[in-house]
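Structural overview for review
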Amino acid sequence: MLLEFEHVSKCYPGDVWANRDVSLGVEAGEVFGVLGPNGAGKTTLIAQLLGVARPTSGRIVMDGVDVVRRPDVARQACSYQPQTQVPVAGLTPMQAVTLAGRVRHGRGPDVRRRAHQLLQLLDLGEWERNAVPLSGGVLRLVAFCMAAVEPGRVVVLDEPTNDVDPLRRKLLWQQVRALADRGSAVLLVTHNVLEAERCVDRLAIIDQGRVVATGTPAKLKAELRAPLRLELGLDLEASSPPFPAFVRRPAATRGRVVAEVAVADAGAAAAWAVGLQEEGAIVEFLLAPASLEDVYVRRVGVSLEEDASAAGVG
Amino acid sequence: MRRAWDSYRLLVQWQFLRLRNVLVLIALIQLALALGIVYGLSLLVPHLDHTSALFLATGAPTLSLLLLGLTVVPQEVSQAKLDGRFEYLSTFPVPRLTSLAADVSFWLVAQIPGTALALLVADLRFGLHLRAGWAVLPVFLLIALSSSAVGYCLAVLLRPQTAQPVTQFVALGILLFSPVNYPLERLPPVVRDVHRVLLWPTWPTWSAGASGHPITCRCRWPSWWWPAGAGPGWRPATGSPSASARSAPLSPGAEWPGRPCGGSGDGPSRRRPGRSASSARRSGEGGRR
């Protein structure tokens, strides 16, 4: 493993635990997702890797070096896109990305070439040399370029797709994948579970500071042994059709019904849905296997519901 | 070393590009501040004598630099902590001191026009005919670095909400209780003793006038700020200076009348025997007039 978190715990004053006994490993050339709800301790975990925060206990080892003791090694090896916006006011995207690459000890001509290439690949050409105030999404893409222009052996991306429009988000995921293909270990923190599913090689789900699940998306979904998900799209004014027995736990909202179907009943469910569509009772339907989001909801949703109900009782 | 220098250069460039739109405004404010100290403080003393004028004229750039380090730098750091810039920049493979040096360098450059013009105006206003000694530049840097280091440390250690009042308190304390714009003797005895303790161990050496240090040899600047004070770099060229004093590359505070140090511009070895600093000052022979 290129990067290993070994039993890392972080406790803030007041007995507030941000991380509890977190153990993870990230290989070179893979995209490793860290998923979890707000306040789960994801960003704190990254801060400890980068030497911004110090673990209460545990080690973070990179290539055999404990970077808790040697934060300079971590800073040399890691390039980072923060969750917050980066300080680029007054700079053109080209200047910002070039400066970041040069400060990371990249060679001038190489950095300029790569900066231009990245900005073009993310469709930011029209802003490349404009120092005008940029939108939040463009700023976030520029921040990504600043981390990717001279990538470290570990590239840390904290919520890289926030505020980014769907088309450029797609381009961004391609570049995230490209970073791993170039040999970097990409540590990706995100809330965007559905999109992460298509990009990450392995992932860990963190809840309340603890790792509650880890593995490949396929493995986690298989472990869930979840039924298929059936979604029906209705006209807004239409009422739900009567459900046959194999459609279980239907939940209707205005214009949409979500239900579960056993894998063995997939054929019957598809035929039933096609019939409804031909009759005009529904507009569209989707019959899909369990997604990473289902895994996430199953792993994290329970604790969130418990917290919510506890707050309601209290 | 090469990498540290490259990082420093790039961070200065980053700072310049980020703030270039407000650079003129910053320079104007520094200018107004320096002029305000020269003119504003002189209003407090209606009948300025030559000594007080010298203190004010040479104290103005010193105070400007102190205020730069103790208010502007911590304000920048606090703001950077609030908007995440401080944490972000600390994740780059750059030594912490390089980052501080880049920030201070930028603000120093922004300060130079104001400082220079303030000295010029003071020179014209009080008819001092100041000349720059060789120590101006290192002393200028030392003041800026020492005050900036204090301001930087306070801003890093304290929360942004706390850092601002604390640094303002420290700046005000230095403004009022450091003998930069007035002689040491005017301070309350306790504060004066604190200054002398802070000067230790070089203070006794200065008093004895026996130091061989190129700057300290003829200077007994009465403040722990003096090694970082701009004052020693400036000396008046008016009056009737002795030939030896005029030829000296640097004859700091000791040459100035009214300085609470008794050495003449000719150095300790040329002091008149039996004349203490205070007696020389009382008789008005402590320096040129």
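Cut-offs and rules
- Residues numbered from 1 in each chain as written.
- Chains lettered and ligands numbered in written order.
- Predicted model: local features only at pLDDT ≥ 70, side-chain atom pairs only at ≥ 80, totals over all residues.
- Heavy atoms only, no water.
- Helix = DSSP H or I, 4+ residues; strand = E, 2+ residues; numbered from the N terminus.
- Buried < 20%, exposed > 50% of the residue type's maximum accessible area, 1.4 Å probe, protein only.
- Contact = heavy atoms within 4.5 Å.
- Areas by Shrake-Rupley, 256 points an atom, 1.4 Å probe, with all protein chains shown as cover.
- pLDDT = per-residue confidence, 0-100.
- Disulfide = S-S within 2.5 Å.
- Phe/Tyr/Trp six-rings, centres within 6.5 Å; stacked < 30°, edge-to-face > 60°.
- Salt bridge = Lys/Arg side-chain N within 4 Å of Asp/Glu carboxyl O.
- Buried area = accessible area lost by both parts, 1.4 Å probe.
- Polar contact = N/O pair within 3.5 Å; in protein donor to acceptor, adjacent residues only side chain to side chain.
- Nonpolar A, V, L, I, M, F, W, Y, C, P; charged D, E, K, R; others polar.
- Pairing = 2+ DSSP bridges.
- Axes fitted to C-alpha atoms, helices over the stretch in contact; angles between N-to-C directions.
- Core = buried A, V, L, I, M, F, W, Y, C linked by side-chain atoms within 4.5 Å.
- Expected span 1.5 Å × (residues − 1).
- Arc of directions from axis to C-beta.

**A short note on the overall build of chain B**
Across its full length, chain B carries ten helices and two strands. Reading the secondary structure of chain B in the N-to-C direction produces α-α-α-α-β-α-α-α-α-β-α-α. Every one of the 289 residues in chain B was classed for burial, and the buried ones make up 51%. When contacts within chain B are restricted to residue pairs at least 6 apart in sequence, long-range pairs at least 24 apart make up 73% of them. Within the structure as shown, chain B displays about 13,300 Å² of accessible surface, and the carbon and sulfur contribution to it stands at 67%.

**Some points on the confidence of the model for chain B**
Low-pLDDT stretches of the model should not have their predicted coordinates read in fine detail. Residues and elements named next belong to chain B. Looking at chain B, the pLDDT average stands at 68 and 69% of residues meet or exceed 70. Within chain B, the element-level pLDDT minimum falls on helix α9 (residues 243-247), averaging 31, and the maximum on helix α3 (residues 85-89), averaging 88. pLDDT under 50 marks residues 200-289. Its contacts with residues more than four places away, or in other chains, come to 205 contacts. Prediction confidence for the complex, expressed as pTM and ipTM, is 0.74 and 0.80 respectively.

**A few points about the state of the cysteines**
This model, assessed by the stated rule, comprises zero disulfides over all chains. The structure places no disulfide on A:C145, whose sulfur is separated from the nearest cysteine sulfur, that of A:C199, by 15 Å.

**Observations concerning the packing of aromatic side chains**
Under the definition given, this model contains seven aromatic pairs over all chains. Considering the side-chain rings of B:W14 and B:F92, the 6.0 Å spacing of their centres and the 85° angle between planes classify their relative orientation as edge-to-face. Of the two residues, B:W14 is situated in helix α1 (residues 2-44) and B:F92 in the loop between α3 and α4 (96-126); the sequence distance between them amounts to 78 residues. Grouped by ring-pair contacts, the aromatic residues A:F243, A:F246 and A:W272 constitute a single cluster.

**Let's talk about the environment of A:G90**
With respect to the helices and strands, the residue A:G90 is situated in the loop between β6 (78-81) and α3 (93-103). Separated by 64 residues in the primary sequence, A:G90 and A:V154 have C-alpha atoms spaced 29 Å apart. With sequence-adjacent residues up to four places away left out, A:G90 is seen in contact with A:Q95, A:A131, B:L17 and B:R20.

**Comments concerning the pattern of salt bridges**
Residues and elements named next belong to chain A. Within the structure shown, the criterion is met by 22 salt bridges over all chains. Residue D201 pairs with R177 through a salt bridge whose shortest N-O separation is 3.0 Å. With a gap of 24 residues between them, D201 in the loop between α7 (193-199) and β9 (202-207) and R177 in helix α6 (residues 166-181) connect regions that are remote in the sequence. Taken together, the shared-partner salt bridges in this structure form one network comprising R229, E231, R256 and E284.

**With respect to the interface of chain B and chain A**
The interface is formed by 20 residues belonging to chain B together with 23 residues belonging to chain A. For the pair chain B and chain A, the summed buried surface comes to about 2,200 Å²; carbon and sulfur atoms form 65% of the total. Counting the contacts that link chain B with chain A gives zero salt bridges. Summed over the shared surface of chain B and chain A, the number is three residue pairs in polar contact (both at pLDDT 80 or more). Where the side of chain B that touches chain A is concerned, the elements lending two or more residues are α1 and α3 of chain B. For the side of chain B that touches chain A, the element with the most residues is α1(B), which contributes nine residues. For the side of chain B that touches chain A, the residue count by class is seven nonpolar, five polar and eight charged.

**Some points on the sheet that holds strand β5 (residues 65-66) of chain A**
Residue and element names in this part refer to chain A. As summarised here, the arrangement of the four strands in space is β2-β1-β4-β5, forming an open sheet in which the pairing is antiparallel. The open sheet has two edge strands, β2 (16-26) and β5, and neither has a second partner. The pairing of strand β1 (residues 3-12) with strand β4 (residues 57-62) spans five bridges and is classified as antiparallel. Following the sheet pairing, S9 is matched in β4 by S57. The sheet strands contacting helix α1 (residues 42-49) are β1, β2 and β4, and the helix crosses β1 at an angle near 115°.

**A word on the side chain of A:E197**
All names here are of chain A. With respect to the helices, strands and loops of the structure, E197 is situated in helix α7. With relative accessibility at 19%, the residue E197 sits in the buried group. At a separation of 3.2 Å, a polar atom in the side chain of E197 contacts the main-chain amide nitrogen of L292. Setting aside chain neighbours within four positions, we find E197 in contact with P217, K221, S291 and L292.

**A few points about the nonpolar core**
Among the nonpolar cores identified, the biggest contains 91 residues, and A:L3, A:F5, A:L49, A:M146, A:V176, A:L187 and B:W14 are the most heavily contacted of them. With ten residues, helix α5 (residues 136-148) of chain A is the largest single contributor of residues to this core. If near-sequence neighbours (up to four positions away) are discounted, A:L3 is found in contact with A:L24, A:G25, A:V26, A:L49, A:I60, A:V61, A:M62, A:V154 and A:L187. By size, the runner-up hydrophobic cluster in this structure holds 38 residues, among which are B:A53, B:A122, B:V139 and B:Y152.

**Things to note about α6(A)**
Residues and elements named next belong to chain A. Here α6 spans 23 Å end to end across 16 residues, near enough to the 22 Å set by a 1.5 Å rise per residue. Inspection of α6 places R168, L172, W173, Q175, V176, L179 and A180 among the buried residues, and these make up the whole buried set. Each buried residue of α6 lies within a common arc of 165° when the element is viewed along its axis, so the set occupies one face. Structural note: α6 exposes L167, K170 and D181 on the side pointing more than 90 degrees away from its buried face. The inward-facing, buried residues of α6 contact β3 (31-35), α4 (108-121), α5, β7 (154-158), β8 (185-190) and α7.

**Structural notes on the environment of B:V24**
Position of B:V24 among the secondary structure elements: in helix α1. As for B:V24 and B:A110, which are separated by 86 residues in sequence, their C-alpha atoms are 8.1 Å apart.

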